[in-house]
Amino acid sequence: MRILLSLILTAFFSKICYAELGEETGLKIPRYVSLKSNDANIRVGPSINYPIVIKFIQHNYPLKILEEYDDWRKIEDFTKNYGWIHKSLISGNRTGIIVSDNDDKIKIFNTIKGKTIGSIGKGNIVSINKCKIDWCSISLNRHKGWVYKKNIWGVENTEIINV
């Protein structure tokens, strides 16, 4: 009975682990990436034969990869648009978009739970340098600081980056 239970649990957890990895890259799904280009077409399906539904014109715009098919990645953007993009147009560089439940600017701190050194408005695209449990180190141009992770679209709640 224990052997049967062990086999069932092993098969179950193997399937879960396999389902969380991309079939083409072996990388985690979903995962966040950014645009390499300031001119990228998002298509209805995974081929240039499919019509374009969105055109992104913002370099470093963060995207969430949901699926992989050959050289194409199904993505979701910040506003819940979905489509397919060719892998040559995306980068593993981590960026995020500042989000807020209201129109208030988000405080930027010099260290985790440190002093406020500035603020940033929602909608800004920032580079994500590292993330700990509740905080992320971000940069925009030459400015750096720490913000609450909940104020960034482009990083999972439980994700730890470059620590």
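All values reported here derive from a predicted model rather than from experimental measurement.

Structural notes on the environment of Val99
Item 1. Topologically, Val99 is positioned in the loop between strand S8 (95-98) and strand S9 (106-109).
Item 2. Sequence separation between Val99 and Trp153 is 54 residues; the distance between their C-alpha atoms is 6.5 Å.
Item 3. Once you skip the residues sitting within four places of it in the chain, Val99 turns out to touch Phe78, Ile106, Lys122, Lys150, Asn151, Ile152 and Trp153.

Notes on the side chain of Arg94
Item 1. Take Arg94: it is sitting in the loop between strand S7 (90-91) and S8.
Item 2. Taking the relative accessible area as the measure of exposure, Arg94 reaches 17% and is therefore buried.
Item 3. Within the structure, Arg94 has its side chain in polar contact with the side chain of Glu159 (distance 2.7 Å).
Item 4. Aside from chain neighbours lying at most four places away, what touches Arg94 is Tyr32, Val126, Ser127, Ile128, Gly154, Val155, Glu159 and Ile161.

The rules behind the values
- Residues numbered from 1 in each chain as written.
- Predicted model: local features only at pLDDT ≥ 70, side-chain atom pairs only at ≥ 80, totals over all residues.
- Heavy atoms only, no water.
- Helix = DSSP H or I, 4+ residues; strand = E, 2+ residues; numbered from the N terminus.
- Contact = heavy atoms within 4.5 Å.
- Buried < 20%, exposed > 50% of the residue type's maximum accessible area, 1.4 Å probe, protein only.
- Polar contact = N/O pair within 3.5 Å; in protein donor to acceptor, adjacent residues only side chain to side chain.

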